[in-house]
Amino acid sequence: MTDKKPFWKLKSLKEMSQKEWESLCDHCGKCCLVQLEDEDGHREFTDVACRLYDVCEGGCRNYAHRSREVPDCVRLTPGNIGELHFMPMTCAYRLLNEGKELPDWHPLVSGDPDSVREAGMSVVGQVVPEADVPDWRLEHHIRLWPGESGD
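Bear in mind the structure is a predicted one, so any value in this text is a computation, not a measurement.

Here the focus is the overall build of the protein chain. Of the regular secondary structure elements, the protein chain holds six helices and three strands. Along the protein chain, helices (α) and strands (β) appear in the sequence α-α-β-β-α-α-α-α-β when read from the amino end. Seen along its three principal axes, the alpha-carbon backbone of the protein chain occupies a region of about 60 × 30 × 30 Å. Looking at the protein chain residue by residue over its 151 residues, the buried ones come to 37%. Restricting to contacts in the protein chain with at least 6 residues of sequence separation, those with at least 24 account for 55%. Surface accessibility of the protein chain: about 9300 Å² in total, with carbon and sulfur atoms responsible for 50%. For the protein chain, the centre of its 18 positive side-chain charges and the centre of its 28 negative side-chain charges are spaced 7 Å apart.

Here it is, written out as structure tokens:
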């Protein structure tokens, strides 16, 4: 019996099928959070989610048309992931692009889609919709999420 390596250890991001690419997302929701950036380019996460993010169940309520409904929603591609420094430190796309391993709680590693929540890495149930927070209050919603260094 031989241990077959998982696709993310055998293929580059560019070599992955669409299905493999999509399966890398752990659905933590961190990339759907409003981030604040200062004059020096330092970014901080908030606990305020994009208007399309389902704050109770997680996930985008209109994933297929998210870019149309939220024009500044960034579509990740193998070609742009290296330039997207605002992506969460725990993001599988970022980790693999940087030559790092997926964490044990990632569903592809654990085999359990609930492992993200169980590990405390999901924002589900811990965020508010952006419609509930005026721009001038965003700085009061800055939060350091597990796995994020804050810099």
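Moving on to unusual backbone geometry. If you check the backbone angles, His-27 has positive phi at about 65 degrees while not being a glycine. Note that His-27 resides in the loop between α2 (18-23) and β1 (33-37).

The next subject is the pairing of strand β2 (residues 43-49). Each regular strand carries side chains that alternate between the two faces of the sheet. Among the seven residues of β2, five are classified as buried, and the element is accordingly described as predominantly covered. Note: β1 against β2, four bridges, orientation antiparallel. Pairing of Gln-35 across the sheet is with Phe-45, part of β2. Hairpin connection from β1 to β2: five residues lie between these consecutive antiparallel strands, with Gly-41 at a positive phi of about 85 degrees. The pairing of β2 with strand β3 (residues 128-129) spans two bridges and is classified as parallel. Paired with Val-48 across the strands is Val-128, a residue of β3.

Right, let's talk about the layout of surface pockets for a bit. In this model, the largest pocket occupies a volume close to 1200 Å³. Taken together, 44 residues line the largest pocket, and the ones lying closest to its centre are Cys-31, Cys-32, Arg-66, Cys-73 and Val-74. Breaking the lining of the largest pocket down by element, the ones donating at least two residues are α2, β1, β2 and α4 (92-97). By residue class, the composition of the lining of the largest pocket is 28 nonpolar, seven polar and nine charged.

Most often, soluble globular proteins keep nonpolar side chains buried together rather than apart. If you look at the biggest cluster of nonpolar residues, it comprises 15 residues, and the most contacted ones within it are Trp-8, Leu-13, Met-16, Leu-24, Leu-76, Tyr-93 and Leu-96. Of all the secondary structure elements, the ones that give two or more residues to this core are α1 (7-10) and α4. Counting residues per element, this core draws most heavily on α4, at three residues. Once you skip the residues sitting within four places of it in the chain, Tyr-93 turns out to touch Leu-13, Trp-21, Glu-22, Leu-24, Cys-25, Leu-76 and Ile-81.

The rules behind each value
Residues numbered from 1 in each chain as written. Predicted model: local features only at pLDDT ≥ 70, side-chain atom pairs only at ≥ 80, totals over all residues. Heavy atoms only, no water. Helix = DSSP H or I, 4+ residues; strand = E, 2+ residues; numbered from the N terminus. Buried < 20%, exposed > 50% of the residue type's maximum accessible area, 1.4 Å probe, protein only. Contact = heavy atoms within 4.5 Å. Areas by Shrake-Rupley, 256 points an atom, 1.4 Å probe, with all protein chains shown as cover. Lys, Arg positive; Asp, Glu negative; His and termini not counted. Charge placed at Lys NZ, Arg CZ, Asp CG, Glu CD. Pairing = 2+ DSSP bridges. 1 Å grid on protein atoms, 1.4 Å probe; cavity = no way out; pocket = protein on both sides within 12 Å on 5 of 7 lines; lining within 4 Å. Points joined across faces, edges and corners; volume = space filled by probe spheres on them. Nonpolar A, V, L, I, M, F, W, Y, C, P; charged D, E, K, R; others polar. Core = buried A, V, L, I, M, F, W, Y, C linked by side-chain atoms within 4.5 Å.

Note that every value here comes from positions in space, so none of it alone points to a role or purpose.
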